[in-house]
Amino acid sequence: MRLRLVDIAQRAGVSEATVSRVLNEKQVSDAARDKVLTAIDVLGYERPARLRRRATGLVGLVVPELTNPVFPLFAQLIETALAKHGYVPLLCTQTPNGLHEDEYVEMLLEQGTSGIIFVSGIHAITEADTDRYARLRASGIPIVLINGHQPDVDAPSLSQDDRAAVELGVEHLRQLGHNRLGLAVGPSRYTPASRRSTAFAHAVERRPGLVGTAEHTQYTVEGGAAAAHVLLDGGVTGILCGSDVMAMGVVRAARQRGLRVPEDVSVIGSDDGMLAQYSDPPLTTIRQDVAGMSAAAVRALLEEIGGTPSPRREHLFAPELVVRRSTGPAPALRSAVATSAVENG
């Protein structure tokens, strides 16, 4: 389509003269230029060749899988930020029986990657062999680690504050009157799960009258359901989960047992992915600052590429409690004996 200055100007909220100056690469403010280029894209016009972004290099983004909504969100935000700086993002997703992280890295090296961002990769395993990252750094490839700090890896490291996340969940349930709490979290070999398990034990210990039980499982709906059955057998009335997907499994298991959420058991998720607010009931959850972490990861990688390394200490991002309808005041769980007594009058 032929570019119409009046349409672009109206969409961008600037004058036609400003649009003309941008199209002819004349001096305008960065803000005005961005508005005009965005308007061109939104209206479906093709940018003139001289205004198209020129690729600066290739950056790999390695994520564990895409079934958990939080990982597509990380991917979208990181890829968008990289593209704005002229880098071509290449998403590398690990799936069962698919390519391993090391195989993706080899492919990226063959393509001449400028750097790699790892989200919850092998680095998140507490006993992982970190030599693979040392070899990358020795070859001059900048890397950034998200959610899985390894102190001996020479790279910027960004993580959610898992201790703070657990504190938020435990305190919310305590204020609602729950005194028997459960934690459904991933395998203990993963750093975030191990940190949450330790934080949960400390949080319960510091609050007189609370009893807590942790159950390690898989980060899936099925894993959440399996953990829920064990925890509910133990009489818990409030369950804090390691992910929103696991929380959905907990809700399913509770209903299979004839329990209502939140009337009989309260459930808290983690991440606040796009499905949390649309689940039944909408999930109370601990929001992970995915936007902040994604922006910081890209900024750190660009600094590494530019030769100004970021500090090597772990950067922790504060979580946020988002209260919806899956948590409520603590009741006494309905037992088979109580149900039988009511039915018999």
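The present account deals with the structure reproduced in this document. (Residues numbered from 1 in each chain as written. Predicted model: local features only at pLDDT ≥ 70, side-chain atom pairs only at ≥ 80, totals over all residues. Heavy atoms only, no water.)

The secondary structure content of the protein chain amounts to twelve helices and twelve strands. Among the 345 residues that make up the protein chain, the fraction classed as buried is 49%. The long-range fraction of contacts in the protein chain, counting pairs at least 24 apart against all pairs at least 6 apart in sequence, stands at 73%. Summed over all atoms, the accessible surface of the protein chain reaches about 16,500 Å², with 51% contributed by carbon and sulfur. Taken together, the 35 basic and 39 acidic charged side chains of the protein chain have centroids lying 8 Å from each other. (Helix = DSSP H or I, 4+ residues; strand = E, 2+ residues; numbered from the N terminus. Buried < 20%, exposed > 50% of the residue type's maximum accessible area, 1.4 Å probe, protein only. Contact = heavy atoms within 4.5 Å. Areas by Shrake-Rupley, 256 points an atom, 1.4 Å probe, with all protein chains shown as cover. Lys, Arg positive; Asp, Glu negative; His and termini not counted. Charge placed at Lys NZ, Arg CZ, Asp CG, Glu CD.)

Attention now moves to the side chain of Thr327. With respect to the helices and strands, Thr327 occurs in the loop between strand 12 (320-322) and helix 12 (336-343). There is a polar contact of 3.0 Å between the side chain of Thr327 and the side chain of His172. Only 2.9 Å separates the side chain of Thr327 from the side chain of Thr284, close enough to count as a polar contact. If we ignore the near neighbours within four places in the chain, the residues touching Thr327 are His172, Leu173, Leu176, Pro262, Ser266, Val267, Ile268 and Thr284. (Polar contact = N/O pair within 3.5 Å; in protein donor to acceptor, adjacent residues only side chain to side chain.)

The next subject is the pairing of strand 8 (residues 238-241). On strand 8, burial covers both faces: Gly238 and Leu240 on one face and Ile239 and Cys241 on the other are all buried. Relative to strand 8, strand 6 (residues 180-185) runs parallel, the two sharing four bridges. Along strand 8, the bridge assignment pairs Ala184 with Cys241. Strand direction decides the pairing type here: strand 8 and strand 9 (residues 266-271), joined by three bridges, are parallel. Within strand 9, the residue paired with Gly238 across the bridge is Ser266. With respect to chirality, the unit in which strand 8 leads through helix 10 (residues 244-256) into the neighbouring parallel strand 9 is right-handed. (Pairing = 2+ DSSP bridges. Right-handed = clockwise from strand over helix to strand, strands pointing away.)

Take the pattern of salt bridges next. What the rule picks out here adds up to 17 salt bridges. Across the pair Glu320 and Arg287 runs a salt bridge, and its minimum N-O distance is 3.3 Å. Of this pair, Glu320 sits in strand 12 while Arg287 sits in strand 10 (residues 284-287), and the two are 33 residues apart along the sequence. The partly exposed category is assigned to Glu320, whose relative accessible area is 42%. Through salt bridges with shared partners, a single network forms among Glu167, Glu171, Arg174, Arg206 and Arg207. (Salt bridge = Lys/Arg side-chain N within 4 Å of Asp/Glu carboxyl O.)

Below, the discussion takes up helix 8 (residues 191-205). Count 3.6 residues to each turn of an α-helix, and residues three or four apart come out pointing the same way. The terminal C-alpha atoms of helix 8 lie 21 Å apart, and with 15 residues this matches the ideal 21 Å at 1.5 Å per residue to within 8%. Turning to helix 8, its buried residues number three or more, namely Thr191, Pro192, Ala193, Arg196, Ser197, Ala199, Phe200, Ala203 and Val204. Of the surrounding elements, those touching the buried residues of helix 8 are strand 5 (157-160), helix 7 (162-175), strand 6, strand 7 (211-216), strand 8 and strand 9. (Expected span 1.5 Å × (residues − 1).)

With four bridges connecting them, strand 9 and strand 10 associate as parallel partners. In the strand pairing of strand 10, Ile268 is matched with Thr284. As judged from the three bridges shared by strand 10 and strand 12, these two strands associate in the antiparallel manner. Looking at the pairing, Ile286 lines up with Leu321 of strand 12.

Each pair of aromatic rings is reported with the distance of its centres and the angle of its planes. Enumeration according to the criterion identifies one aromatic pair in this entry. Ring centres of Phe118 and Tyr133 lie 5.3 Å apart, and the angle between their planes is 80 degrees; this geometry places the pair in the edge-to-face category. With Phe118 in strand 3 (residues 115-119) and Tyr133 in helix 6 (residues 131-138), this residue pair connects regions lying 15 residues apart in the sequence. (Phe/Tyr/Trp six-rings, centres within 6.5 Å; stacked < 30°, edge-to-face > 60°.)

Once that is clear, we can look at the sheet that holds strand 2 (residues 87-93). Spatially, six strands are ordered 2-1-3-4-5-11 in an open sheet, and the strand pairing comes out parallel. A strand with exactly one partner marks an edge of an open sheet, and here the two such strands are strand 2 and strand 11 (314-317). Each strand axis lies, on average, 20 degrees off the axis of its neighbour in the sheet, ignoring direction. Alignment of strand 5 against strand 11, held across four bridges, turns out to be parallel. Looking at the pairing, Ser159 lines up with Leu316 of strand 11. Across the sheet, helix 4 (residues 70-84) touches strand 1 (57-63), strand 2, strand 3 and strand 4 (143-146), and the angle it forms with strand 2 is around 160 degrees. Running over the sheet, helix 11 (residues 290-305) touches strand 1, strand 2, strand 3, strand 4, strand 5 and strand 11 and is turned about 160 degrees from strand 4. (Axes fitted to C-alpha atoms, helices over the stretch in contact; angles between N-to-C directions.)

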